[in-house]
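Each chain, written out:
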Amino acid sequence: MNFQWLQDYGPMLWRGVAVTVQLLLLSGGLGFALAVAVGFARLSRQPFLAWLSLSFTNLIRGTPLLVQIYVLYYGLGSLFAGFPALRDSPLWPFLREGFWYVALALALSVAGYVGEVVRGGLAAVPKGELEAARALGMSRLTTARRIWLPRALLILLPSLAGETVLLLKSTALASTVAVMDVLGAANLVRAQTLRTYEPLLTVALIYFALAWLIERVFLRLEKRLPVRTAF
């Protein structure tokens, strides 16, 4: 195997790693916020809200992520391009970039999958803790913010670590719409150097290192956060 190409293409790979990490952080942050809303909506006593959140999760989990990316990038992207007002607006530099469509698709995917995980975590919180909070005079919003959601997240930390690793691997689909993430950079290296295995092996090691780092971060969180047992 020959890795001399790293001298010329190493900076491009590092830029690809930066794009991958940006996608992970942006879509993960936005997706988790949406997932919390979906989780609470799934347990709502309002039938329409519960039905709407269930329909959303079924749609996201029932269609391939690659198809969702294509629908947003080629569908919405082509639709936006047909409006001269949008093309002349300050938003157009963002709307024409595949990065933002991929980030949105990944965030919606996180909302759909992690939303169900959050729902399970919320349902697993002992009812006695919620009743004790209400007995102390806490409002429903305060109870959810200070008791219900934090307790659910403590339960869900191992699952959230796995979901974050899956999200990391899903970012590789960004290269299908000309986003120069780490896999897109590796594909360009393969095309220009005619080296097949070395760039792919390098990318595999990069993903492995990032996944290991994610696992370590969540493991550290599990050790630092207090563990409270149910009544």
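Residues numbered from 1 in each chain as written. Predicted model: local features only at pLDDT ≥ 70, side-chain atom pairs only at ≥ 80, totals over all residues. Heavy atoms only, no water.

**Let's talk about the side chain of Ser-109**
As for its position among the elements, Ser-109 is in helix H6 (residues 98-124). Setting aside chain neighbours within four positions, we find Ser-109 in contact with Ile-60, Leu-65 and Gln-68. (Helix = DSSP H or I, 4+ residues; strand = E, 2+ residues; numbered from the N terminus. Contact = heavy atoms within 4.5 Å.)

**Thoughts on helix H10 (residues 197-224)**
Between its first and last C-alpha atoms H10 spans 41 Å; for 28 residues at 1.5 Å apiece the expected length is 40 Å, and the two agree. All buried positions along H10 are accounted for by Glu-198, Pro-199, Thr-202, Val-203, Ile-206, Tyr-207, Leu-210, Ala-211, Ile-214 and Phe-218. Of the surrounding secondary structure, the elements contacted by the buried residues of H10 are helix H1 (6-42), helix H8 (140-170) and helix H9 (182-193). (Expected span 1.5 Å × (residues − 1). Buried < 20%, exposed > 50% of the residue type's maximum accessible area, 1.4 Å probe, protein only.)

**Concerning the UniProt feature "domain: ABC transmembrane type-1" (unreviewed entry) in the protein chain**
Residues annotated in UniProt with the feature "domain: ABC transmembrane type-1" (unreviewed entry) correspond here to residues 17-218. Counting secondary structure, residues 17-218 comes out at 83% helix and 0% strand; the distance between its end C-alpha atoms is 21 Å. (UniProt positions renumbered as here; feature names shortened; annotations may be inferred.)

**As for the pattern of salt bridges**
Scanning the entire structure with this criterion turns up four salt bridges. As a salt-bridge pair, Glu-116 and Arg-119 come within 3.2 Å of each other at their nearest N and O atoms. Here Arg-119 and Glu-116 lie together in helix H6, a separation of three residues that amounts to about one turn. Several salt bridges share partner residues, and in doing so they unite Arg-42, Glu-116 and Arg-119 into one network. (Salt bridge = Lys/Arg side-chain N within 4 Å of Asp/Glu carboxyl O.)

**Focus on the environment of Ala-105**
Mapping Ala-105 onto the fold places it in helix H6. For Ala-105, the contacting residues outside a window of four places in its chain are Leu-65, Gln-68, Ile-69 and Leu-72.

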